[in-house]
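Per-entry structural report
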Amino acid sequence: MTNAGTTTIDGWTLKFAFPGNQKISPPGWSATWTQSGTSVTATNLDWNKTIGAGQSVQIGFQGTYTGANAKPTAFTLNGTTCS
């Protein structure tokens, strides 16, 4: 995630929905990952909760699926749609 804004992000929650039957395989890395149905949430850890303007953090997870593996199309960060 990159903070393309001009102010620091102090604490973050990233949300998205899988379009298919994808499942995250916790624990993932650099975030606390949860999944309920198709809805996925990643929440900052203490050491990466602050993202300065122009800075980024790397997060990720492994996952499983059967059939097609379509990408999520919409993401929100702290309730605001990401571009």
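Our subject is the structure that appears above.
Residues numbered from 1 in each chain as written. Predicted model: local features only at pLDDT ≥ 70, side-chain atom pairs only at ≥ 80, totals over all residues. Heavy atoms only, no water.

Looking at the packing of aromatic side chains
For the structure on display, the rule yields five aromatic pairs. Ring centres of Phe16 and Phe61 lie 6.4 Å apart, and the angle between their planes is 20°; this geometry places the pair in the stacked category. One end of the pair, Phe16, is in strand S2 (residues 13-17); the other, Phe61, is in strand S7 (residues 60-64), with 45 residues separating them in the sequence. Assessed through its relative accessible area of 26%, Phe61 is described here as partly exposed. The rings of Phe16, Phe18, Trp33, Phe61 and Phe75 are connected pair by pair, giving a single aromatic cluster. (Phe/Tyr/Trp six-rings, centres within 6.5 Å; stacked < 30°, edge-to-face > 60°. Helix = DSSP H or I, 4+ residues; strand = E, 2+ residues; numbered from the N terminus. Buried < 20%, exposed > 50% of the residue type's maximum accessible area, 1.4 Å probe, protein only.)

Description of the side chain of Ser30
On the secondary structure map, Ser30 appears in the loop between strand S3 (23-29) and strand S4 (32-36). We classify Ser30 as buried; its relative accessible area is 17%. At a separation of 3.4 Å, a polar atom in the side chain of Ser30 contacts the main-chain carbonyl oxygen of Gln58. Beyond its immediate stretch of four places on either side in the chain, Ser30 contacts Trp12, Leu45, Trp47, Asn48, Gln58 and Ile59. (Polar contact = N/O pair within 3.5 Å; in protein donor to acceptor, adjacent residues only side chain to side chain. Contact = heavy atoms within 4.5 Å.)

Let's talk about the sheet that holds strand S9 (residues 80-81)
If you walk across this open sheet you meet the five strands as S4-S5-S2-S8-S9, and the pairing is antiparallel. On the outer flanks of this sheet lie S4 and S9, each paired with one strand and no other. Summarising the sheet, S2 and strand S8 (residues 75-77) pair through three bridges and their orientation is antiparallel. Paired with Leu14 across the bridge in S8 is Leu77. (Pairing = 2+ DSSP bridges.)

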